[in-house]
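Close look at the chain arrangement
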Amino acid sequence: MMNFDTMDPSMGDYPPLDGGMEPSMDPHLNPGLLQDLDAEGLPVPGSEHLMEGMFSELHSAVSEGGVPVTAAHFDLQEEMLWTGNHRGHVTSFFGPTMVRHSSFQANAADDIRQIHSLETGVLFLSKCNLKCHTRGGLVMFDYPMDEGADMHSLLMTDNNTVLMGGLQNYAVEFDLNAMQETQKFNVEVPGVAIMRQTGRFFFCGHTSGKITLRDLRSFKTEHEFDAFSGSLSDFDVHGNLLAACGFSSRGMNGLACDRFLMVFDLRMMRAVTPLQVHVDPLFLRFIPTYTSRLAIISQTGQCQFCEPTGLANMADIFHVNAGGQVLMSFDVSSSKQALAFGDSGGIVHLWSDAPEVSFNDYSRESEFALPCIVDSLPQLDWNHDLLPLSLIPTPLTSTEQLLSDWSSAMATPSPRRAPPVDPEILRTMKTVGFIGYAANPRTRPRNQVPYKLKDVELDYDNYSQVPESPIGRDEEPHLYMVPKKYRKVTIKYSKLGLEDFDFKHYNRTLFAGLEPHIPNAYCNCMIQVLYFLEPIRCLVQNHLCQKEFCLACELGFLFHMLDLSRGDPCQASNFLRAFRTIPEASALGLILADSDEQTGKARLGRLIQSWNRFILTQLHQETQEQEGPQAYRGASSSSLGSSGESAIGKLFGCEVENSSLCRCGKETVRTSLSLLFTVHYPEHNSTDKAMKEYDFAEILKRSICLEQSTQAWCENCEKYQPTVQTRNIRCLPDVLVINCEVNSAKEAEFWKVQAEYAFNKAKQKEKEKQAMEPPKPKEPPPPMPTEWCLDGEDPSSMAGFTFDTKAEDLRHVWIPQSLKMQISKTQGLEVSSWPEGEELSSAEEEEGASVYDLVVTVPHILDARTGGNLVAHIKVGETYHVRKEGVTHQQWYLFNDFLIEPVDKLEAAQFDVSWKVPGLLYYAKRNHHPKYDLRIKNPIDASVLLTEASLARKQRKSHATFIPLMVSEMPQAGELVGLDAEFVTLNQEEAELRSDGTKSTIKPSQMSVARITCVRGQGANEGVPFIDDYISTQEQVVDYLTQYSGIKPGDLDAKISSKHLTTLKSTYLKLRFLIDTGVRFVGHGLQKDFRVINLLVLKDQVVDTVHLFHLPRKRMISLRFLAWYFLELNIQGETHDSIEDARTALALYRKYLELSRGGGNDEVRKVLKGLYEKGRQLDWKAPESEPQDPPQGAAAFPSVMGL
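This write-up is about the structure you can find in this document. Keep in mind that what you see is a predicted model, and the values were worked out from it rather than measured.

Rules used throughout
- Residues numbered from 1 in each chain as written.
- Predicted model: local features only at pLDDT ≥ 70, side-chain atom pairs only at ≥ 80, totals over all residues.
- Heavy atoms only, no water.
- Salt bridge = Lys/Arg side-chain N within 4 Å of Asp/Glu carboxyl O.
- Helix = DSSP H or I, 4+ residues; strand = E, 2+ residues; numbered from the N terminus.
- Buried < 20%, exposed > 50% of the residue type's maximum accessible area, 1.4 Å probe, protein only.
- Core = buried A, V, L, I, M, F, W, Y, C linked by side-chain atoms within 4.5 Å.
- Contact = heavy atoms within 4.5 Å.
- Axes fitted to C-alpha atoms, helices over the stretch in contact; angles between N-to-C directions.
- Parallel < 35°, antiparallel > 145°, perpendicular 65-115°, else oblique.
- Left-handed = near helix turned anticlockwise from the far one by under 90°.
- Polar contact = N/O pair within 3.5 Å; in protein donor to acceptor, adjacent residues only side chain to side chain.
- Pairing = 2+ DSSP bridges.
- Arc of directions from axis to C-beta.

Moving on to the pattern of salt bridges. Going through the model one piece at a time under the given rule, you end up with 44 salt bridges. Where Arg113 meets Asp150, a salt bridge forms, and the shortest distance between an N and an O atom there is 2.5 Å. Here Arg113, found in the loop between strand 5 (99-105) and strand 6 (114-117), pairs with Asp150, found in the loop between strand 9 (139-144) and strand 10 (151-156); they are 37 residues apart in sequence, far enough to count as distant. Of the two residues examined, Arg113 and Asp150, each falls in the buried class.

Here you go:
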């Protein structure tokens, strides 16, 4: 924020915009946007009408009458607005009502120039002083500047460091913990008046009109923009844009406010078209809500909103009614919902675009000053020797809550309030500075003050308490209603990333969970559902096509990892990457923005049902026998005659006959293939108080054989006519997929009432059964059946359940465990509940009847705290248990991302719709597996390693950096392959700062592989690359990490790249072939490489030099330092090169083998101790030295061009 006292006096007075108007009015303003004014120029009470999305004045308050407000700042931790004035006085206001919270003197002589809030206090910058106070006004530290300092700007660079600049020729770095200067950076005269920061640069605005971009570490100038010829007024940075306003030199006439904003593109480091505005800009800020719009403020109170790359609209102007005063300060809240203006009359104006405004997205509770109240204690006769202290009555009544039942707000201890000061002391007190001195009147004994507890309690009840947190007491029942295993699980990231996160705590089985931090990972539960359907697992792993983005191929790769995993979680990053590129998925609204996933705005129940329909149709099309991509069609409208038969069609497909009968008698019949069915609920008559009881089988039959009336085109009548449409099925599917469609309170109430009917019926049957049975002698209770024993149970009289099932266990259960379905000779469908363990008779089988068992339920978990999530109950078959555990049984499991837990079969069918809403049901026909070929034949062969054409148009053979393998060089099991990969960033890391100053990662940065290199590990050509692929990406890259990856903008663009550019799928197949062959990969930090590439490699196939040269409980050592220490090589000078890194890792492995053969483990440990000692001496930085002869191991690596 600029200080007007140090500027040219001519800059403070602006000529009127129109001679016939007052300076506070602009002829361009829309009169309808102005507020009603009374005779004194202040807002008329009751005239404020806040409209959503449009800023208008919410409140105004007087900071200190007649003293200009020189600084304004919204607190970043609490709902407070801080102001500082020209006399050094500070005032804070609480909340949108602007209740005065605290007021104190921060500087005795100079004005407050900038304010910044911290976790524990607030920083106040004046001309030659930096002061920190608590929010209540107590001084934490007071730091005077050097003589001659004229500070103007303050910038927090990290948790404990601030940077201060001004009109002197240096900037100061200050450590808040040590409370001392750490560095001084020399800058150009006249110095730095405004500072901003991004992840790449410090931006420093100078009074000369220039803006310099400086390095974050050295503060050296990297680039300079000459924004204005006169002086700079303000600037702001957002994304890749920098916008600035200022003054232009008018020769002898001095400086004039420039109505053109200068806009600079930070990607190309040049100016773009200036933006003309209709006000004289003094302040500007980006307010990135829906768009990256700019707020431009003039000194006379006019404010205009516009896009930085568009044209300014005069209708987007509003006026701050400052009563003829000029604006001196301006700030925007972190939530972008509130604006604060401070004027020269000492008044603060709060503007908002919503009636319920919040300054921060997550604010903590504020502490308020407590009144001074005198307490007292009841009198006790201490002279009586036998007086027990228990005489103080503390009765416990039935109406009184126990302390353990109190809410946390009531049980939090509060400090004892100080007693009032003796009036005699106040009368005789003399003040020096802010400390008062008075003689002790000796009216009471030393260090003894009487307290009156009753008076305290009365006043405490009347005292206005601090507002509760956004998660109030009304929300607390939700925290306990949802069982812990169903709640949304999150990964706690540390400095080591995922290495020290205990996934075994959430999953003690050998099945693999899926990580949830990837965009659109809401479908993790459905991926598990498809995996545990054996025909689909085998189908997609046998499938391989040439399409770059094929969901069937990606599912096959992912299922292969799930097969290999022994309980460690996998991630579906490559599958979801391909999923995001399919236009049909985007058109159906299946691709969520990050904000929708984090805030819980997405309607996950409806979303997963749409996703289920989409994925079945997409897999059906991709796995058809004929070649070529198929156009997307709805799941219920795929024509049988237009597509080849696929295993998806055999498994889920059901031939459906749709009949449309017009009232003219014309009947049209069409045949189609339906992959799933949607439940249609009967209409409830509002006149009936009680809802009718239905059996689930009855509702399912109505939904499959649907009959409804609708308007349709009749060719006979040649117009739209009311028609009766009926649907019948000709055959039964092997797996019946049901979308429950519980998307509103109406369907949820229907499900709840039917479950209550079923529960009451079960209780009645249990009572009748107990009444008929003779009383038995009391015996010890039998052992409870475990969750693992689900087979061989005797069927009970109630369909779908066993004798061991108690009625209480059937609460919230409406769906049966088994169904009997049959199409009669009259083509009529019959559906009924069936006892779970009972088999069909031979006569029923001959008639075509089939029994379907419940194998999957996918509920939507409603959780107000986390926004909800999706889980799956899956009945895992015998073949999966044989592969993983070597046992033959079936078991229900709960799959909640990486949490996997065995559950009871009844729990899978229970749906308490207050928090667990049914989404999908899968019923599988008994013994349907023999129809399908369940053998997996690996479709990846050695041809994937042969020479392939590059996607890059400019790539030439002279630019080749690798030599493909010859047929005679094909790798064998156990052979070495050097591997290294480089990555780029697609999404930046999301983190928050804890109260102790440490950083907590909420969501890690999303990386994408950009280059993969494999070099030969043995033979005459050892060290020569045979794969050096640059991976083309269609997603936006936010950071190429050139310093660490060597990837430059354009390297991944097929139009301009000169590299060997391929698709991710092509390179993935090469690595999969090498893994399946059984080669051993040698590299440095391969765990992260394989994780980002999305590959699962067995531990005995990985040789990681980061672990070979590592001592327990010591730091990991970089490849560069290891190469310098052991190989006398200087690598990774300016950037990283994956070929160089892969060769170096191979050489280090050879060195390790040499050390092991020379002296065994003792020799290796001795060498490693010397390595760590040398590293501590050099601070783990390899010294820069002259190029030396390569080590003996490197001589075996000939260049590619030399071959």
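Ranked by internal contacts, the top residues of the largest apolar core, which has 101 residues, are Tyr522, Ile527, Trp611, Phe652, Tyr922 and Phe1081. With nine residues, the single largest contributor to this core is helix 7 (residues 551-564). Non-local contacts of Phe1081, meaning those with residues more than four positions away in its chain, are made with Val977, Leu979, Leu1071, Leu1074, Ile1075, Leu1086, Phe1090, Val1097, Gln1101, Val1102 and Val1103. Core analysis: the next-biggest nonpolar cluster, separate from the first, contains 55 residues, Ala697, Val742, Tyr852 and Trp915 among them.

Where helix 6 (residues 534-542) contacts helix 7, the axes come no closer than 7 Å and their chain directions differ by 115°. Looking at the two axes, helix 6 sits roughly perpendicular to helix 7. The hand of the helix 6/helix 7 crossing is left-handed. Counting all contacts with helix 6, which are made through Ile536, Arg537, Val540 and Gln541, the residues of helix 7 involved are Ala552, Leu555, Gly556, Phe559, His560 and Asp563.

Our next topic: the environment of Ile491. Counting through the fold element by element, Ile491 comes out in the loop between helix 4 (476-481) and helix 5 (524-531). Judged by relative accessible area, Ile491 falls into the buried class, the value being 6%. Through-space distance from the C-alpha of Ile491 to that of Thr1001 is 9.4 Å; in sequence the pair is 510 residues apart.

Tracing the sequence through the fold places His89 in strand 4 (residues 89-94). For His89, a relative accessible area of 17% translates into the label buried. A polar contact is formed between the side chain of His89 and the backbone oxygen of Phe104, at a distance of 3.5 Å. Residues in contact with His89, not counting those within four places in the same chain, are Glu64, Thr83, Gly84, Ser103, Phe104, Gln105 and Ile112.

Another aspect to go through is the sheet that holds strand 24 (residues 281-288). With antiparallel pairing, the four strands of this open sheet are ordered in space as 24-25-26-27. Each end of this open sheet is capped by a strand with a single partner; those strands are strand 24 and strand 27 (317-319). Neighbouring strand axes in the sheet, compared pairwise and without regard to direction, differ in orientation by 20° on average. As paired strands, strand 26 (residues 302-306) and strand 27 are joined by three bridges and run antiparallel to one another. Within the sheet, the bridge partner assigned to Gln304 lies in strand 27 and is Ile317.

This part takes up the environment of Thr678. The residue Thr678 is located in strand 35 (residues 677-678) in this model. Distance from Thr678 to Leu700, taken between C-alpha atoms, is 8.8 Å for residues 22 residues apart in sequence. Look past the residues within four positions of Thr678 in its chain and what remains in contact with it is Arg613, Ser703, Asn739 and Glu741. A polar contact is formed between the side chain of Thr678 and the side chain of Arg613, at a distance of 3.1 Å.

This paragraph deals with helix 13 (residues 696-704). The complete set of buried residues in helix 13 reads Phe696, Ala697, Ile699, Leu700, Ser703 and Ile704. Burial along helix 13 is one-sided: seen end-on, the buried residues are contained in an arc of 160°.

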